[in-house]
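Architecture and fold: a report
In case you want the letters, here they are:
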Amino acid sequence: MEAKRDMKALFGQMPGGTPVEEFTLRNGPLSCQVLTYGGAVRSLVVPDKTGRPVDVVLGFDTLEDYRSQDKYIGALVGRYANRIGGSRFSLDGREYTLAANDGENHLHGGLVGFDKQVWTVEEAEGNAVTLSLVSPDGQEGYPGALWVKVTYTLQGDGLEISYEARSGRATLCNLTNHSYFNLAGHDSGSVHPQKIQILASRYTPTDAASIPTGALEPVEGTPMDLRTPQPIGARIEEPFPQLVQAGGYDHNWVIDGWDGTLRTIARAWSEETGISMEVLTTLPGVQFYTGNFVGGCPAGKGGAVYQNRDAFCLETQYFPDSPNQPGFPSARLESGAVYRSRTVYRFG
């Protein structure tokens, strides 16, 4: 019981008085702080090559800063991660209109997505916390009530995120975590020197509003080819139309050989700290985003100033706009069926 009490602290209060708690998970030299607001990962501390603890995710010191920022920093996002074009989709012959919060498009669950709600703590022990949320029928325009459960576990040398969801009727479900990583430390500046590798030979190009065209384009011969390790900044400024319109990398890569099993899809590392990160998932896609618009946030932890490209995201997911793209893997969740996915961020 002492360990349980020790791992929980009050982080702040919502305007209506609802408390927001912070849970500290520990496993050997690794530690992680998770908030009930948005299910956000506030810190993730791993040892560098000398054993010194380094916090490798962006975050804030106050609830007010989390509530005022619009970058989804560290948060769980849903009911549909990424974008849905035109803020509408059809299911079983009926068209549904969603909240438009990214121009005319729908992004990361809408105006009050899962990132802006206070999650319920189902269970907490030394190295794990399980959070739950009920999204009522019609929330942000989605059909069916959705019961969601997410477990963060620090085990071995990494952080595992397990997702589970059920609905009373057919709906969409595409959940992810939106942590921003900097393997030299959250306050260390540009991630351009850090290395990236994504095990994908195709990606989904987008229009100017970041909505996929429906094509699955080969990365071969383009700056989108990250199959061999290279610095994040190596080709990011090239006049390649997809990079120019997104201000850097902000695209979905199509995981090679996807079959729903847990597999390695990406690797990143910092020569400065010696910290490496391997990403494994059961999902078919990953959004590699180089924090092109992270500047303008409130000051981060300890007063750190976060600028554009001071972090990167590897958001595991179903593809953006899949409800409107019949050639993409389906994010449909049937009534009574269970959505399950796992993503692991493993450090070395």
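Everything numeric in this text was worked out from a predicted model, so none of it was measured.

Here the focus is the overall build of the protein chain. Along the protein chain, the regular secondary structure elements total 3 helices and 27 strands. Along the first, second and third principal axes, the C-alpha set of the protein chain runs to 55 × 45 × 35 Å. Residues counted as buried form 58% of the 348 residues belonging to the protein chain. The long-range share in the protein chain, meaning contacts at least 24 apart out of those at least 6 apart in sequence, stands at 66%. A total of about 13300 Å² of accessible surface is found on the protein chain, and carbon and sulfur atoms cover 49% of it. Distance between charge centroids for the protein chain: 4 Å, based on 29 positive and 40 negative side chains.

Here glutamate 160 is to be found in strand E14 (residues 158-167). A residue is classified by how much of its surface remains accessible, and glutamate 160, at 11% relative accessible area, is buried. The contact partners of glutamate 160, leaving out residues within four places of it in the chain, are Thr151, Tyr152, Thr153, Gln155, Arg342, Thr343 and Val344. At 3.0 Å, the side chain of glutamate 160 and the side chain of arginine 342 are in polar contact.

Where strand E1 (residues 8-13) and strand E2 (residues 19-27) come together, 5 bridges link them in antiparallel fashion. Residue pairing in the sheet places leucine 10 in a bridge with glutamate 21 of E2. Where E1 folds back onto E2 in an antiparallel hairpin, the turn is made up of 5 residues, including glycine 17, whose phi is positive at roughly 100°. Summarising the sheet, E2 and strand E3 (residues 30-35) pair through 6 bridges and their orientation is antiparallel. Looking at E3, one finds that arginine 26 is bridged to serine 31. The antiparallel pairing of E2 with E3 creates a hairpin that spans 2 residues between the two strands, and glycine 28 there sits at a positive phi of about 60°.

Take the sheet that holds E1 next. Strand pairing in a sheet is mediated by backbone hydrogen bonds. Such pairs are either parallel or antiparallel. Taken together, 5 strands build an open sheet; the order of strands is E1-E2-E3-E4-E5 and the sheet is antiparallel. Looking at strand neighbours, the two that pair on one side only are E1 and strand E5 (53-55), the edges of this open sheet. Strand-to-strand twist of the sheet, defined as the mean angle between neighbouring strand axes without regard to direction, takes the value 20°.

Attention now moves to the side chain of threonine 282. With respect to the secondary-structure elements, threonine 282 resides in the loop between strand E23 (276-281) and strand E24 (285-289). Within the local environment of threonine 282, its side chain forms a polar contact with the backbone nitrogen of arginine 342, the two atoms lying 3.1 Å apart. With residues near it in sequence (within four places) discarded, threonine 282 still touches Trp258, Gly260, Thr261, Leu262, Ser341 and Arg342.

A few words now on unusual backbone geometry. One can expect most non-glycine residues to show negative phi and most peptide bonds to be in trans. Here the amide bond leading from glycine 78 into arginine 79 is cis, since omega sits at 10°, within 30 degrees of zero. Residue placement: arginine 79 occurs in the loop between strand E6 (76-77) and strand E7 (83-84). The residue tyrosine 72 is not glycine, and still its phi comes out positive at about 60°. Mapped onto the secondary structure, tyrosine 72 falls in the loop between helix H2 (63-68) and E6. Although it is not a glycine, serine 210 sits at a positive phi angle of roughly 70°.

With respect to burial, strand E13 (residues 146-155) is a largely interior element, 7 of its 10 residues being buried. By the bridge criterion, 8 bridges tie strand E12 (residues 128-135) to E13 in an arrangement that is antiparallel. When the bridges of E13 are listed, threonine 130 appears paired with threonine 151. Two strands pair when backbone bridges link them, and E13 and E14 are joined in this way by 10 bridges, in the antiparallel orientation. The residue of E14 that forms the bridge with threonine 153 is glutamate 160. In textbook terms, the turn of a hairpin is the stretch between consecutive antiparallel strands, and for E13 and E14 this stretch comprises 2 residues, one of which, glycine 156, has a positive phi near 55°.

This brings us to the sheet that holds strand E21 (residues 250-254). On the basis of which strands lie adjacent, the open sheet formed by 5 strands has the order E19-E18-E21-E24-E25 and antiparallel pairing. Pairing within the sheet leaves two strands with one partner each, and these edge strands are strand E19 (217-218) and strand E25 (313-317). Note that strand E18 (residues 202-204) and E21 share 3 bridges and pair antiparallel. Each bridged residue has a counterpart across the sheet, and for tyrosine 203 the counterpart in E21 is tryptophan 253.

Let's shift gears to the pattern of salt bridges. Should the charged atoms of two oppositely charged side chains come close, the side chains can pair. Scanning all chains against the criterion turns up 24 salt bridges. Between aspartate 137 and arginine 169 there is a salt bridge; the shortest N-O distance is 3.7 Å. Note that aspartate 137 is positioned in the loop between E12 and E13 and arginine 169 in the loop between E14 and strand E15 (171-172), a separation of 32 residues in sequence. For aspartate 137, a relative accessible area of 48% translates into the label partly exposed. With relative accessibility at 32%, the residue arginine 169 sits in the partly exposed group.

Rules used throughout
Residues numbered from 1 in each chain as written. Predicted model: local features only at pLDDT ≥ 70, side-chain atom pairs only at ≥ 80, totals over all residues. Heavy atoms only, no water. Helix = DSSP H or I, 4+ residues; strand = E, 2+ residues; numbered from the N terminus. Buried < 20%, exposed > 50% of the residue type's maximum accessible area, 1.4 Å probe, protein only. Contact = heavy atoms within 4.5 Å. Areas by Shrake-Rupley, 256 points an atom, 1.4 Å probe, with all protein chains shown as cover. Lys, Arg positive; Asp, Glu negative; His and termini not counted. Charge placed at Lys NZ, Arg CZ, Asp CG, Glu CD. Polar contact = N/O pair within 3.5 Å; in protein donor to acceptor, adjacent residues only side chain to side chain. Pairing = 2+ DSSP bridges. Axes fitted to C-alpha atoms, helices over the stretch in contact; angles between N-to-C directions. Salt bridge = Lys/Arg side-chain N within 4 Å of Asp/Glu carboxyl O.

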